[in-house]
Amino acid sequence: MALELADIFRQYGPAYRQKYADRLLPSHRRAMRAIEQCRTPALGGQVYSCPQCNQTQYSYHSCRNRHCPKCQNDKAQEWLEKQQNFLLPVPYFMLTFTIPAALRPVARSHQALVYDLLFRASAAATQHLAQDPRFVGGQLGLIGVLHTWGRNLSYHPHIHYLVPAGGLTSDHRTWLPAHHHFLLPVKALSRIFRAKFLHALQRSSLANDIPATVWKQDWVVHCKPIGNGRTALKYLAPYIFRVAISNRRLVKLENDQVTFRYRSSATGQITFCTLSAEEFIHRFLQHVLPRGFVKIRYFGFFGSSQRLLLAALRLLLETDTHSPLPDELPPPSPTLPKETLLCPI
Ligand SMILES: [Zn+2]
Ligand SMILES: [Zn+2]
């Protein structure tokens, strides 16, 4: 049988828990147990019997933990269906905001605070620049999702936003279409993002933990056109619910070492990474989010208090013959590999 994350956790999890004992976060302990017990007798199950052939089948319950790779597919489909209400018949962009390496240790030890700030600062920076009449001149709608990993399970927090190309005037009466291939200048956006993020961090309890270098360096912001919203959402949904590593990327578990594959962002080639089982578990657990942390957030006219406005906006755009309809838009550019399109990290 193919190697699964649960096999590694079942075999090496108990020793890991013993070694790190009271240093292990409760959220990490919960995720480990859930993954180890998912679809095993430990969680109980249900008996199905067929009235025609008298066959009975026993199926074990799933853990439903959001960090379990086996329990993610159903959620992606469910989420995708709900997003139909957010789709606008205009082109879409994907914006990606990353915090610099020097701030990652602070983020790792204060996850809820720093991730929350990352959302707020990036969304506020985007809306600020979008108000500039040279670009959009109005308020945008943003659907953001937090990712915390690089491709080899490294710690690399970043947020992807799905953004329709256009905004609303302040009186909410007029739609201002943005250019299909250009939304906002990323250099300016990155500077505003950095200023807002650091300003908020300075006012928090972490003021003394900010390394001086992060004020001077350029922060990374990407912006890419990604075609129509329906296509973008369909591609994005599995990525949104993906955990740090899927079972199919696991290659082998041998001599207490785990080998997995990933596509190198530098070369684009499939690369193999071998780690001790302990280090593998450690890397995986750094992507377990704080309990209850909301990793998908809606801003601007996608915000929860704006649902009536959004319905009116959809109606306006769907009846406006000047707006291109979804089916007339090209799919995401074929020159962009799927991986690059979705996550430039
Ligand atoms: Zn599960
Ligand atoms: Zn990503």
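Residues numbered from 1 in each chain as written. Chains lettered and ligands numbered in written order. Predicted model: local features only at pLDDT ≥ 70, side-chain atom pairs only at ≥ 80, totals over all residues. Heavy atoms only, no water.

## So, the packing of aromatic side chains
The geometry of an aromatic ring pair comes down to the distance between the two centres and the angle between the two planes.
Next, step 1: Taken as a whole and assessed by the stated rule, the structure comprises 18 aromatic pairs.
Next, step 2: Consider the rings of Phe 260 and Tyr 262, whose centres lie 6.3 Å apart with planes at 45°: the pair is tilted. Assigned by exposure class, Phe 260 and Tyr 262 land together as buried.
Next, step 3: Aromatic side chains Phe 301 and Phe 302 sit 5.2 Å apart centroid to centroid with 65° between the ring planes, which places their arrangement in the edge-to-face category. An identical accessibility class is assigned to Phe 301 and Phe 302; each is buried.
Next, step 4: By way of ring pairs, the aromatic residues Phe 97, Tyr 115, Phe 119, Tyr 161, Phe 193, Phe 197, Trp 219, Phe 293 and Phe 299 are connected into one cluster. (Phe/Tyr/Trp six-rings, centres within 6.5 Å; stacked < 30°, edge-to-face > 60°. Buried < 20%, exposed > 50% of the residue type's maximum accessible area, 1.4 Å probe, protein only.)

## Here's the deal with the domain arrangement of the protein
How big an interface is tends to be expressed through the accessible area that disappears when the partners come together.
Next, step 1: Segmenting the protein into domains produces domain 1 (5-60) and domain 2 (72-244 + 287-325).
Next, step 2: Each of domain 1 and domain 2 has a C-alpha centre, and the two are 34 Å apart. (Domains from an automatic or database assignment.)

## A look at the coordination of the zinc ion (ligand 1)
Next, step 1: Bound to the zinc ion (ligand 1) are the protein donor atoms Cys 38 (SG), Cys 63 (SG), Cys 68 (SG) and Cys 71 (SG), situated 2.3 Å from the metal.
Next, step 2: In the primary sequence, the donor residues of the zinc ion (ligand 1) line up as C-x24-C-x4-C-x2-C. With Cys 38 in the loop between helix H2 (26-37) and strand S1 (45-49) and Cys 68 in the loop between strand S2 (56-60) and helix H3 (73-82), this residue pair connects regions lying 30 residues apart in the sequence.
Next, step 3: You can call Cys 38 buried: its relative accessible area is 2%.
Next, step 4: Residue classification places Cys 68 among the buried positions, given a relative accessible area of 2%. (Donors = N, O, S within 2.8 Å, 3.2 Å for Na, K, Ca; no water. Helix = DSSP H or I, 4+ residues; strand = E, 2+ residues; numbered from the N terminus.)

## With respect to the nonpolar core
Next, step 1: Core analysis: the biggest nonpolar cluster contains 43 residues, and Leu 103, Tyr 161, Phe 193 and Phe 197 have the highest contact counts within it.
Next, step 2: Listed by contribution, the elements that provide at least two residues to this core are strand S3 (91-98), helix H4 (104-109), helix H5 (111-130), strand S4 (141-149), strand S5 (155-164) and helix H6 (186-202).
Next, step 3: Ranked by residue count, the leading element in this core is H5, at 10 residues.
Next, step 4: Grouped together as the second largest cluster of nonpolar side chains are 33 residues, Ala 6, Leu 24, Phe 260 and Cys 273 included. (Core = buried A, V, L, I, M, F, W, Y, C linked by side-chain atoms within 4.5 Å.)

## Thoughts on the sheet that holds strand S12 (residues 296-300)
Next, step 1: Strand order in this open sheet of 5 strands is S8-S3-S5-S4-S12, and the pairing throughout is antiparallel. The open sheet is flanked by strand S8 (221-228) and S12, the only strands paired with a single partner. Direction aside, neighbouring strands of the sheet carry axes that sit 25° apart on average.
Next, step 2: The sheet contact formed by S4 and S12 spans 5 bridges and is antiparallel. The residue bridging Leu 142 from the neighbouring strand is Phe 299, located in S12.
Next, step 3: Against the sheet, H5 makes contact with S3, S4, S5 and S12, and its axis sits at roughly 35° relative to S5, the strand it touches most.
Next, step 4: Relative to the sheet, helix H8 (residues 229-241) contacts S3, S4, S5, S8 and S12, its axis offset from that of S8 by approximately 125°. (Pairing = 2+ DSSP bridges. Axes fitted to C-alpha atoms, helices over the stretch in contact; angles between N-to-C directions. Contact = heavy atoms within 4.5 Å.)

## Brief notes about the environment of Ala 101
Next, step 1: Mapped onto the secondary structure, Ala 101 falls in the loop between S3 and H4.
Next, step 2: Between the C-alpha atoms of Ala 101 and Thr 169, which are 68 residues apart in sequence, the distance is 37 Å.

## What about the packing of helix H1 (residues 5-20) against helix H9 (residues 277-285)?
Geometrically, a packed helix pair is captured by the angle between its two axes and the distance between the axes.
Next, step 1: Put simply, H1 and H9 touch, their axes get as near as 9 Å, and they point 90° apart. Taken together, the axes of H1 and H9 lie roughly perpendicular to each other. Only Ala 277, Glu 278, Phe 280, Ile 281, His 282, Phe 284 and Leu 285 of H9 make contact with H1, whose side of the interface consists of Leu 5, Ile 8, Phe 9, Tyr 12, Gly 13, Tyr 16, Lys 19 and Tyr 20. (Parallel < 35°, antiparallel > 145°, perpendicular 65-115°, else oblique.)

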